[in-house]
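Inside the fold
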Amino acid sequence: MADGERTAFGDLLRPIADPPVRPDLISLSASATAAASAAVDPPHGSRSEADRLGASLKELADADARIVFVGDPGRTDPGLALPGNAVRTAKYSFLTFIPRNLFEQFRRLAYVYFLAIAVLNQLPQLAVFGRGASVLPLAFVLLVTAVKDAYEDWRRHRSDLVENGRAAPVLDPAGSGQFRPRRWKDLRVGEVIKVLADESIPCDMVLLATSDPTGVAYVQTINLDGESNLKTRYAKQETMSRLPSITAGSVTTLIRCETPNRNIYGFHANLEVDGKRVSLGASNIILRGCELKNTAWAIGVAVYTGNETKVMLNSSGATSKRSRLETHMNRETLLLSAILITLCSAVSICNGIWLAIHRDELELSQYFRKRDYSGGDEKYYNYYGIAMQVFFIFLMAVIVFQIMIPISLYISMELVRLGQAYFMIRDKNLYDESSNSRFQCRALNINEDLGQIRYVFSDKTGTLTENKMVFQCASIRGIDYSEGKDPSPNGSDVYCVVVGDQFWRPKMLVKTDPKLVRLLRSEGETQEGKHARDFFLALAACNTIVPLIVGTPDPKQKLIDYQGESPDEQALVYAAAAYGIHSPLIVLGILGGRCCQIKIKIRRAKYTYICRITDRGDCVLCMLGCALPCQCSTSHGIGFAFKTQDFWPFLSHSYCLCYRLQLLSSTLTASGFIACCMSTLTHIYGRNIFTCTPGICRFNVLGLHEFDSDRKRMSVIIGCPDRTVRLFVKGADSSMFGVLEKSIDLDIIRATETNLHAYSSVGLRTLVVGMRELSRNDFEEWQSTYEKASTALYGRGSLLRAVASSVENNLQILGASGIEDKLQQGVPEAIESLRQAGIRVWVLTGDKQETAISIGYSCKLLTSEMTHIVINSNSEASCRKSLEDAIAISSKFVTISSRAQNTITGSGSARVPLALIIDGTSLVHILETELEEKLFKIATVCDVVLCCRVAPLQKAGIVALIKKRTEDMTLAIGDGANDVSMIQMADVGIGISGQEGRQAVMASDFAMGQFRFLVPLLLVHGHWNYQRIAYMILYNFYRNAVFVFIMFWYVLYTAYTLTTAITEWSSVLYSVLYSALPTVVVGILDKDLSRRTLLEYPKLYGNGQREESYNLKLFILTMMDAIWQSLVVFFIPYMAYRDTTVDGSSLGDLWTLAVVTLVNIHLAMDVFRWNWITHLSIWGSIAVAVMCVILIDSMWFLPGYWAIYHIMKTGLFWLCLLGIFAAGMIPRFTMKALAEYFMLNDIQISRELEKFGNFNDFTGTEISMSTFSQTHPGFIR
Amino acid sequence: MNNVNGSVVGSSSGSGDGSAPRRNSKRPKYSRFTQQELPACKPILTPKWVISVFTLIGVVFVPIGIASLMASNDVVEIVDRYDNVCVPPNMTNDKVAYIQNNATDKTCIRTLEVPKHMSQPIYVYYQLDNFYQNHRRYVKSRNDAQLRKRSQANETSGCDPEKRTIDGAPIVPCGLIAWSLFNDTYIFAIGNKNLTVNKKGISWKSDRDHKFGKDVFPKNFQSGPLIGGAKLNATKPLSEQEDLIVWMRTAALPTFRKLYGRIEQDLNAGDVISVTLKNNYNTYSFSGKKKLVLSTSSWLGGKNDFLGIAYLAVGGLCFFLAVAFTIVYLVKPR
């Protein structure tokens, strides 16, 4: 990054006079860009460093490059072959809706089937039902679904319209040099676009210039990768300086860039301006979806537009998901089709045989009469020979038996899911108070998947945590200060900066320890007080924070918002501010009676900070030349010094200001730059000019050693008011204890270590702070090496590291800090519940490893007894090796534990838990290679998997890793745009609505406010949904099968000619009206267990994971039951009415009523909870069926006229019904009684506990439950 | 430079909405319904329940079974198959030719002995075996509109193949069902005394009143080249042609009985009834059987032991299960 920085400076320092390009500078900038892109590019794709370097240096081949003529879209894209910037997420247009929607719907195989049947039925030879009766159900289903789809798409259209209709100022191509607003959708590649502060970027653009003279632009990439901190992007000085000629079109500028790809961290291109070629990297491009911040404007040229932008390429369109249960259901549907075909074949073959046997009799038998004489010539009536007859009978049989595959099931399922969604949305336990958001069901067809989850992939930041680091406690010189008390809400005891009549206070309030506050306030220079001040000075100084002033509704009050890459540093700075040490400099002064805003812009690009003091009026204070960079140097520095003295007294409170300033001088070449800076610094800020006014101390930052992961610490060298030079170091405890001076303060180090252990055991993130006073010699020695290192052309990074290492030693310990990454409420408990429920929680985060691990501890994902397997590798070979090692380790542990299990009673708890920690760099080499298999093997053995530094698509890759190899259901939960791909990849995607944007929510299937809602969602609603839908599907199969079998048995007695005793209207209404409502009501309302029980015993969730409510065995049992019941329904009346005068209609009515009542009784028997709605629907359905049968038999034009009245008068009818109910239900009832008694499962036990456990409430259900579960091994699996 | 200032002001005022007025809360309103906490009863199959349910079914079913068996036992039924015996011995090889020959006399005399006292009314049925009145092409071949209204005589749709005569005139009643009307007749006598058979009211009143029109008369009936069965008296409206009405109520099963009439006097055990029948109906072409049945009736209908046995079986099974479960619960309690 340091190198990248230098590049920018190189650009900045390029004289306006445009000197000839020096070759060394060019190569510097090229390699720097490459390094910069390597640093920001968490590598997707496995190119090596050298490759990348080469790629950026060598020309992109014209064939696979896109050539963009800046400001000339016509030449860039003469044939309009490139897509416009319009974004389209909607599926249908007005014209394509009907065909496309029908096509989509008929992708459900079942619908094709029903359509085919309806078409068949229209053929005169096959017309079994009336035309309307056969088409109506399908038409109804299609219509309902189409209306639903149309509504959803209309909403997408609207949001597209809004997005595409936004305006952006575009350079007038006519050459006037003016920017004119244009709608986003009309933007084209090659156009020059201006983006203003806080606006979204309309397409991927290469920066040409920004409002900042150095060419910096800050962007927030929250929508892209979920990181909320500002990132710097640079415009090349070549384009900055020539902006007027570029916009005027007088200079031909062209950009060769790679073809669109989805890598948001990489960009390879080169820029040719005036024949000069400069290479561009990821730091020169701003991407659609980002927002410009802290930069007044930025001008760029569009290189990728519309669907080719990286954000769109990354949001691979929403794939329609299908629930697992529905997939299984399709399997069973195929089985049913097989049964159906068997039945139809049986009927048609039997019919063929019958025809063959009775061939000679057909002519004269009255009931057949082959010939039709009425036409004069004798022709056959409806007879086409045996073969054709068999064929027709087969097709007719398909039509008659079609409801074997239940069409109503699809409607019922939609309705049930709708109802379930209603209850999930209305559940007050899923309502988030803080964001005022209800649960959202965005996908309506995977409710039941919530009950079968085995893997949860969770984002960390904003999902597990609130994304707010909070300073909790400090250990200063071995003394623990952790009695923090919350600041009073009105902020009266908060240190404020008083600026004129304004109060500035930190945006975030931190708990302060009163003892420590007293210590800091104490006037007398006690030793403890001095140490405490040093400690907080270190916290305030040793960081890379950008302060921002934020307004509040109260004009007198402003908030100081410390922004930075690291939330830990933010927390530390806030803490220092809470203890009275504000950092770094933010000053508002009053000059000449007018308010003058001084903004210290601190470039996050590490150790360079540019101060710019501006005035709206006549007085311009330029610390650094903005307008005239070459004239600044010392004179401006003096100006600053002079003016600051003017407003300095306005800052009256007791606080310290830490300056971290380094001056730029534009007269210098790159190599001489730092040296000059340093001397200027000494000259201006040197201990001569500034004196210490009471309460305000000034510290000069003389140097800063940035953080790197080898040293795991950062340090800053500060010139203090007392003329000493001190080195402050903060870092991870592991790295700090090595560089502490052990000879002194040993007891303090010990005490600090104890405190650290205490902090980390409660899940706090710890940092150790040390200090060393540099002697004059030390300082000078450091200064010279530092200058040399920082001006070195090659290997600067390692040189600087060496300098840092050499100076960071013999430190005196100051103390340690404990920061809480504030977990969301209830996260550890939620994770514990999920784990008990047999769900594996994986955390995938973009954070660095240490952060990820400490969060892992604080949310109880990782525990201290776990064995960690860490994989950090840079190459494929080392990945392979570490994976193999990991497998060896894990298998050792597994064998140990299995042995332990054998020797000990086998309770399963003897297993050593394993945790796998792997980073994104390793994953680059593993994902999508053959190493995946190994990773899968090891990951599934581990109890916990933590992936850090992973890119969005890698998250999806990890989900895919599991999804591809197992049948287990995956769930991804996240809140940022970087989680979108993961959310879409997983079987169930959940978006956390709230802090970071809406992308995750838009891509998700369900959205909710808090991570902890996952527990009620999965354990309660998921369980219920699964159980309900599973039962409903089985029941629907059963219900229709009974009916079909009854018809089939009858067909055997009609010479196999598909006569139905049951009227066609009853056939159609059977599954739609007679028995549909109860299934829907039960599917929505029935609960096997109460919410309380399900939450109390998460193990019960295993029911869904093991697919206990719906599987092939249950299906077969249900089908056998269906056959038995159909036999009873058919043959009891058959036997009872044999050799009587009974007519077809009467017997048909008996069968209808018998089967309707029987299936409803069957359902009633399986209902877990009877409330009034259940009662109403079940008994109501039977009543409706009776009424319909009566109504149908009251139609004089139907053959069955009045039959029901006649048959209902006979005792035989009622005895048959009664007998059918009893005989039909006995097997099921017996099986049920036996199963509930002998084949105990968790659910059954819990149900009984729920019902009877209440009796001994006084003795405590807890106790009885635990003894229960011990005595019944079935309960705990 | 102005831009810079602008941006500073813009950014500092842009993001300070911390205390914007609270929006309306979307907190779901509490109700027992939405929280799925409606009062409900949770039945669980406890041993007590299981045993009592089985016992209850047993207690109800066994008596019903016994009663049904007794009722079936009380029914006296005389069945006489006559289709074979009524063919003259010289024609047994070609029964179809015999039956199709209009010239031969089809009269046949059968004697039946009353085994037990039969109290009136004694129902006279004819029973056809293997006659698929539920055959698809047969069942569909009728038009109810035509039967009901005189004005709709032309309405013969669905009546194939017996729709119209060769010259295109509509047949009333049309269709295979009417065409194949049964046409055997029976005359009963004990000794020399004729038994009157009441043929009034053998059909459903609902059919007579609403399904078969009082002003609809048979037209062009049985005028085709193939005669299916009985001819109808063209002067009597359909609503009075009770044999047709009975016949048109198609049977559910291929073996069925149709009511021929009622004998409204008691018959004593040992009475010998002589039946003079006209064996007109052709069942020989499809090896169907014809039977004459005289039967009394009970509250449960005709003679059929099945239901009684079934009830006894189910009741017995339930008792057995009740006992079995009791033993299981006692021997192997949880």
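An unreviewed UniProt entry annotates chain B as ALA-interacting subunit originating from Musa troglodytarum. Regarding chain B, the relevant UniProt record gives this comment under Sequence similarities (unreviewed entry): "Belongs to the CDC50/LEM3 family." What UniProt states about chain B under its Subcellular location (unreviewed entry) heading is, verbatim, "Membrane".

The name given to chain A in an unreviewed UniProt entry is Phospholipid-transporting ATPase, and the organism recorded there is Musa troglodytarum. Heading Sequence similarities (unreviewed entry) of the UniProt record for chain A holds this comment: "Belongs to the cation transport ATPase (P-type) (TC 3.A.3) family. Type IV subfamily." Reading the Subcellular location (unreviewed entry) entry of the UniProt record for chain A gives the comment "Membrane".

Digging into the overall build of chain B
A tally of helices and strands in chain B yields nine helices and nine strands. For 334 residues, the compact-globule estimate of 2.2 N^0.38 gives 20 Å, and chain B exceeds it by more than 25% at 36 Å. By principal-axis analysis of the C-alpha atoms, chain B measures approximately 130 × 75 × 40 Å. A burial count over chain B gives 49% of its 334 residues as buried. When contacts within chain B are restricted to residue pairs at least 6 apart in sequence, long-range pairs at least 24 apart make up 79% of them. When the accessible surface of chain B is summed, it comes to about 15,500 Å², and 55% of that surface belongs to carbon and sulfur atoms. In chain B, 43 positive and 26 negative side-chain charges are present, and the distance between their average locations comes to 11 Å.

A look at the interface of chain B and chain A
How big an interface is tends to be reported as the loss of accessible area on association of its parts. Across the contact, 110 residues belong to chain B and 120 residues belong to chain A. On the chain B side of the contact with chain A, B:Gln36, B:Arg137 and B:Arg334 bury the most area, a combined 9% of that side's loss. A salt bridge links A:Asp1143 to B:Arg249; the nearest nitrogen and oxygen atoms lie 2.8 Å apart. Where chain B touches chain A, the interface holds 36 residue pairs in polar contact (both at pLDDT 80 or more). The greatest single-element share of the side of chain B that touches chain A, amounting to 10 residues, is contributed by helix 9 (residues 306–331) of chain B. Taken together, the residues of the side of chain B that touches chain A sort by class into 56 nonpolar, 32 polar and 22 charged.

Focus: the packing of helix 33 (residues 1064–1074) of chain A against helix 38 (residues 1144–1166) of chain A
Residues and elements named next belong to chain A. Direction vectors running N to C along helix 33 and helix 38 enclose 20°, while the axes themselves pass 12 Å from each other. Accordingly, the angle class assigned to the pair helix 33 and helix 38 is roughly parallel. Our pair here, helix 33 against helix 38, has a crossing hand that is right-handed. Along its contact with helix 33, which presents Ser1066, Tyr1070 and Tyr1074, the element helix 38 presents Thr1152, Val1155, Val1156, Val1159 and Asn1160.

Concerning the sheet that holds strand 5 (residues 193–195) of chain B
All names here are of chain B. If you trace the four strands from one edge of the open sheet to the other, you get 2-8-4-5, paired in antiparallel fashion. Lying at the two open borders of the sheet, with one neighbouring strand each, are strand 2 (107–113) and strand 5. Looking at each pair of strands side by side, their axes are set apart by 30° on average, direction ignored.

Quick notes on the packing of aromatic side chains
Using the criterion set out here, one finds 64 aromatic pairs over all chains in the structure. Ring plane angle 25° and centroid distance 6.1 Å describe the contact between B:Tyr123 and B:Tyr125, whose orientation is recorded as stacked. Given the relative accessible area of 15%, B:Tyr125 is considered buried. Considering the side-chain rings of B:Tyr186 and B:Phe188, the 6.3 Å spacing of their centres and the 35° angle between planes classify their relative orientation as tilted. Of the residues examined, B:Phe188 reaches a relative accessible area of 1% and is grouped as buried. Through pairs of rings, three or more aromatic residues link up here, namely A:Trp354, A:Tyr367, B:Tyr126, B:Phe131, B:Tyr132, B:Tyr138, B:Phe182, B:Trp247, B:Phe256, B:Tyr281 and B:Phe286. The ring of A:Trp297 has A:Lys194 lying over it, and the distance from NZ or CZ to the ring centre is 5.5 Å.

As for the pairing of strand 37 (residues 969–974) of chain A
Residues and elements named next belong to chain A. Of all six residues in strand 37, six are buried; the element is thus mostly enclosed. Here strand 37 shows no split at all, with Met969, Leu971 and Ile973 on one side and Thr970, Ala972 and Gly974 on the other all buried. Where strand 17 (residues 453–459) meets strand 37, five bridges bridge the pair, whose relative direction is parallel. For Tyr455, the partnering residue across the bridge sits in strand 37 and is Thr970. As judged from the four bridges shared by strand 37 and strand 38 (residues 988–992), these two strands associate in the parallel manner. Note on strand 38: the bridge partner recorded for Leu971 is Val988.

Comments concerning the state of the cysteines
Residue and element names in this part refer to chain B. For the coordinates displayed, the defined rule picks out two disulfides over all chains. Here Cys86 pairs with Cys108 through a disulfide, and the sulfurs are 1.9 Å apart. With the S-S bond torsion at -70°, the cross-link from Cys86 to Cys108 turns out left-handed. Of the two residues, Cys86 sits in the loop between strand 1 (77–81) and helix 3 (95–100) while Cys108 sits in strand 2, which places them 22 residues apart along the sequence. The same class applies to Cys86 and to Cys108, which are both buried.

Regarding the pattern of salt bridges
All names here are of chain A. What the rule picks out here adds up to 52 salt bridges over all chains. Between Arg1091 and Asp427 there is a salt bridge, with the nearest N and O atoms lying 2.9 Å from each other. Of this pair, Arg1091 sits in helix 35 (residues 1091–1096) while Asp427 is found in the loop between helix 14 (407–426) and strand 16 (440–441), placing the two residues 664 residues apart along the sequence. As far as the burial class goes, Arg1091 and Asp427 line up, both buried. What you see here is one network of salt bridges that share partners, running through Glu932, Glu933, Lys964 and Arg965.

With respect to empty space enclosed by the protein
Residue and element names in this part refer to chain A. As a volume, the largest cavity reaches approximately 210 Å³. Breaking the lining of the largest cavity down by element, the ones donating at least two residues are helix 6 (109–122), helix 7 (131–165), helix 32 (1014–1051) and helix 33. Taken together, the residues that form the lining of the largest cavity break down as 15 nonpolar, four polar and no charged.

Concerning the confidence of the model for chain A
Residues and elements named next belong to chain A. Averaged over every residue, the pLDDT of chain A is 74; residues scoring 70 or more account for 76%. Within the model, pLDDT remains below 50 along residues 583–696, and this stretch shows 265 contacts once partners closer than five positions in the same chain are excluded. In this model, residues 1255–1277 is a region of pLDDT below 50 whose contacts with residues beyond four sequence positions or in other chains number 25 contacts.

Let's talk about the nonpolar core
Counting 197 residues, the largest nonpolar core has A:Phe401, A:Tyr1137, B:Tyr186, B:Phe188, B:Trp247 and B:Leu294 as its most contacted members. With 21 residues, the single largest contributor to this core is helix 32 of chain A.

Rules of the game
- Residues numbered from 1 in each chain as written.
- Chains lettered and ligands numbered in written order.
- Predicted model: local features only at pLDDT ≥ 70, side-chain atom pairs only at ≥ 80, totals over all residues.
- Heavy atoms only, no water.
- UniProt positions renumbered as here; feature names shortened; annotations may be inferred.
- Helix = DSSP H or I, 4+ residues; strand = E, 2+ residues; numbered from the N terminus.
- Rg over C-alpha atoms; globule rule 2.2 N^0.38 Å.
- Buried < 20%, exposed > 50% of the residue type's maximum accessible area, 1.4 Å probe, protein only.
- Contact = heavy atoms within 4.5 Å.
- Areas by Shrake-Rupley, 256 points an atom, 1.4 Å probe, with all protein chains shown as cover.
- Lys, Arg positive; Asp, Glu negative; His and termini not counted.
- Charge placed at Lys NZ, Arg CZ, Asp CG, Glu CD.
- Buried area = accessible area lost by both parts, 1.4 Å probe.
- Salt bridge = Lys/Arg side-chain N within 4 Å of Asp/Glu carboxyl O.
- Polar contact = N/O pair within 3.5 Å; in protein donor to acceptor, adjacent residues only side chain to side chain.
- Nonpolar A, V, L, I, M, F, W, Y, C, P; charged D, E, K, R; others polar.
- Axes fitted to C-alpha atoms, helices over the stretch in contact; angles between N-to-C directions.
- Parallel < 35°, antiparallel > 145°, perpendicular 65-115°, else oblique.
- Left-handed = near helix turned anticlockwise from the far one by under 90°.
- Pairing = 2+ DSSP bridges.
- Phe/Tyr/Trp six-rings, centres within 6.5 Å; stacked < 30°, edge-to-face > 60°.
- Lys NZ or Arg CZ within 6 Å of the ring centre and 35° of its normal.
- Disulfide = S-S within 2.5 Å.
- 1 Å grid on protein atoms, 1.4 Å probe; cavity = no way out; pocket = protein on both sides within 12 Å on 5 of 7 lines; lining within 4 Å.
- Points joined across faces, edges and corners; volume = space filled by probe spheres on them.
- pLDDT = per-residue confidence, 0-100.
- Core = buried A, V, L, I, M, F, W, Y, C linked by side-chain atoms within 4.5 Å.

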